[in-house]
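Listed below, chain by chain, are the residues.
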Amino acid sequence: MSKVLYTGKTHTTGGREGAARSSDGRLDVQLSSPGSSAPGTNPEQLFAAGWSACFIGAMGLAAGQLKVKLPADTAVDAEVDLLNDDSGYFLAARLNVSLPGLPSDTAQAIVDAAHNTCPYSKLSRGNIDVQIQLI
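Draft legend 1. Representation of the sheet that holds strand β1 (residues 10-13). Sheet architecture is open: three strands sit in the order β1-β2-β3, paired in antiparallel fashion. Of all the strands in the sheet, the pair left with one neighbour each is β1 and β3 (28-30). Between one strand axis and the next, the sheet turns through 10 degrees on average, direction left out of account. By the bridge criterion, four bridges tie β1 to strand β2 (residues 19-22) in an arrangement that is antiparallel. For Thr 13, the partnering residue across the bridge sits in β2 and is Ala 19.

Draft legend 2. Structural context of the environment of Leu 82. Structurally, Leu 82 is set in strand β4 (residues 75-85). On the basis of relative accessible area, Leu 82 is assigned to the partly exposed category, the value being 35%. For Leu 82 and Ala 92, which are 10 residues apart along the polypeptide, the C-alpha to C-alpha distance reads 6.9 Å. Sequence-distant contacts of Leu 82, that is, excluding residues within four places in its chain, are made with Arg 16, Pro 34, Glu 44, Tyr 89, Phe 90 and Leu 91.

Draft legend 3. Inspection of the packing of helix α1 (residues 43-65) against helix α2 (residues 104-117) at higher detail. Contact geometry of α1 with α2 gives a least axis separation of 8 Å together with a crossing angle of 120 degrees. Judged on the interaxial angle alone, α2 and α1 are oblique. Between α1 and α2 the crossing geometry is right-handed. Side by side, α1 and α2 meet where Phe 55, Ala 58, Met 59, Ala 62 and Ala 63 of the first sit next to Ile 110, Val 111, Ala 113, Ala 114, His 115 and Thr 117 of the second. Considered class by class, the residues forming the contact of α1 with α2 number nine nonpolar, two polar and no charged.

Basis of the calculations
Residues numbered from 1 in each chain as written. Predicted model: local features only at pLDDT ≥ 70, side-chain atom pairs only at ≥ 80, totals over all residues. Heavy atoms only, no water. Pairing = 2+ DSSP bridges. Helix = DSSP H or I, 4+ residues; strand = E, 2+ residues; numbered from the N terminus. Axes fitted to C-alpha atoms, helices over the stretch in contact; angles between N-to-C directions. Buried < 20%, exposed > 50% of the residue type's maximum accessible area, 1.4 Å probe, protein only. Contact = heavy atoms within 4.5 Å. Parallel < 35°, antiparallel > 145°, perpendicular 65-115°, else oblique. Left-handed = near helix turned anticlockwise from the far one by under 90°. Nonpolar A, V, L, I, M, F, W, Y, C, P; charged D, E, K, R; others polar.

Bear in mind that shape data such as this cannot, by itself, settle questions of function.
So this is what it looks like as structure tokens:
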């Protein structure tokens, strides 16, 4: 049986040229289309930020299971592409993971475990092209 740990709630108006606000008021952003000069962020940036933050959390869990501490300067640079072809719009993503100071085999084991457990990775699996690189 699944247990709900948290529910993020937002109210969005105006689509890509609108605004989004969370029910608790902690998120309140203007939205704009990618490449637009209008102020605001876009869904691809928000998805990249959410996924990279979640992925770091999943790496922390994996590192704990391996009895390794994540480096203080652990980072994930996420890139989410909005693409278009004859079939319509779709996404692709790259996660460039930095775990400085860890042996490469340990770092790779942490990245692999995180990709298997991160909810965003699970969401994307089989749905979009994802490349994960340890840098």
